[in-house]
Amino acid sequence: MSVILGIETSCDETAAALVTEEGEIRSSVVSSQAELHARYGGVVPEVASRRHLELVTPVIREALAEADAGLEDVDRIAVTRGPGLIGALLVGLAAAKAIAWSRRLPLVPVDHLDGHIASLYLQPAPLEPPFLCLLASGGHTMLLDVRSHTERELLGSTLDDAAGEAFDKGARLLGLGYPGGREIDRLAREGDPSAYDFPVARVPGLDFSFSGLKTALLYAVRELGEDELEARRSDLAASYQHAIVRALVERVREAAEQTGRQQVAIVGGVAANSALRAALPDAAAAPLALCTDNAAMIASAARWTEAVEYPRYLALDAYASR
Ligand code: KG4
Ligand code: ZN
């Protein structure tokens, strides 16, 4: 067996995976810290770093065990180098360096966003570039023209909040806890998406803006009493989600028109949203577990990223933003 060991610790998921050169997932383990951070209403960076430190070795061990493999089967180590929480990233990077060094293996530093795109290149139904890609996560919202496995052009991005951040902040206003995207998705199924008319800012070009939407929700919530809010919560969730999805879909359509790309794909945590998936039925999307942060996508991206040989990678640093 010859596999890539992927490690991902950029935010609040500690993840490890074994992926073959052909993009077959041999194992993928994701340990979420969401519960740990829930009581703070968001990810606390220092808490995340410490938890990664506790989890990274057992999660890697589990990924190896699940694939019935040992480190002798691994031919390179792929690790997220950024963007993300710097302390969290450093835990994964240090673990990757240590394992690579101990076995004199090459190390592949992977950009987290390349990882999200590469979630589409995994078996059993890998997507072939070119395609237009909407990357929507907790930290980023971008439209990309993906020309090949290694070339892409940024067509637009958010001027303020990311789409996932809008979901999370909205969920907080609705008292749904953290992380909020999945909760809004669930609650919205019982609500009326046209109950409230939430505005989505129109910004020039192919950029996005979500900060005004959050303020609109805040005002709508303030106008309701405690009991009323309880009764209207699912309508608010459905209408709020509808506004985010509409903004994303409109931009995707405009970008498809401008670039002439026939194939559209959605990646990142927000690509797990059922309303977004339903609104773009022809768009390629990875299975839900590969939309949110995982290490299989990091190992997948390593297939098109240059490896760094021993001992040069020992000097690699993580980066918080691009
Ligand atoms: O890609 P991801 O796991 O981490 C980052 O790189 O940020 O994305 C996490 C984001 C969070 O904001 C979360 O609320 C959102 O993805 N998310 C969802 C859903 N599942 C996760 N948003 C809407 N609907 C979902 N079903
Ligand atoms: Zn991510």
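Look up a bit, the structure's there.
Residues numbered from 1 in each chain as written. Chains lettered and ligands numbered in written order. Predicted model: local features only at pLDDT ≥ 70, side-chain atom pairs only at ≥ 80, totals over all residues. Heavy atoms only, no water.

L134, F198, F210, L236, I244, L248 and L276 are the most contacted members of the largest nonpolar core, which has 43 residues in total. Of all the secondary structure elements, the ones that give two or more residues to this core are β6 (131-136), α5 (163-173), α6 (181-188), α7 (211-223), α8 (226-259) and β9 (264-267). Of all the elements, α8 adds the most residues to this core, at 13 residues. Contacts of I244, omitting those with residues within four sequence positions, involve A163, A166, F167, F210 and L213. Judged by nonpolar contacts, the second largest core, of 32 residues, contains L127, F131, L144 and A296. (Core = buried A, V, L, I, M, F, W, Y, C linked by side-chain atoms within 4.5 Å. Buried < 20%, exposed > 50% of the residue type's maximum accessible area, 1.4 Å probe, protein only. Helix = DSSP H or I, 4+ residues; strand = E, 2+ residues; numbered from the N terminus. Contact = heavy atoms within 4.5 Å.)

As judged from the 5 bridges shared by strand β7 (residues 141-146) and strand β8 (residues 152-157), these two strands associate in the antiparallel manner. The residue bridging L143 from the neighbouring strand is G156, located in β8. Taking the residues between adjacent antiparallel strands as the criterion, β7 and β8 are bridged by 5 residues. (Pairing = 2+ DSSP bridges.)

Remark on secondary structure: sheet strands pair via backbone hydrogen bonds, oriented parallel or antiparallel. Taken together, 5 strands build an open sheet; the order of strands is β3-β2-β1-β4-β5 and the sheet is mixed. In this open sheet, the two strands that pair with only one neighbour each are β3 (25-32) and β5 (107-111). Going across the sheet, the axis of each strand differs from the next one's by a mean of 20°, ignoring polarity. As judged from the 5 bridges shared by strand β4 (residues 74-82) and β5, these two strands associate in the parallel manner. By the bridge assignment, T80 is partnered in β5 with V110. Here helix α2 (residues 45-66) sits on the sheet in contact with β1 (3-8), β2 (13-20), β3 and β4, set at roughly 25° to β2. (Axes fitted to C-alpha atoms, helices over the stretch in contact; angles between N-to-C directions.)

A few words on the coordination of the zinc ion (ligand 2). Taken together, the protein donors to the zinc ion (ligand 2) comprise H112 (NE2), H116 (NE2) and D293 (OD), at separations of 2.0 to 2.1 Å. The sequence motif formed by the donor residues of the zinc ion (ligand 2) is H-x3-H-x176-D. Of the two residues, H116 is situated in helix α4 (residues 112-118) and D293 in the loop between α10 (288-291) and α11 (296-302); the sequence distance between them amounts to 177 residues. (Donors = N, O, S within 2.8 Å, 3.2 Å for Na, K, Ca; no water.)

Here the focus is the sheet that holds strand β10 (residues 284-285). On the basis of which strands lie adjacent, the open sheet formed by 5 strands has the order β8-β7-β6-β9-β10 and mixed pairing. Two strands bound the open sheet, and with one partner strand each, they are β8 and β10. In this sheet, β9 lies alongside β6 in parallel orientation, the contact comprising 4 bridges. From the neighbouring strand, L132 faces β9, where its bridge partner is V264.

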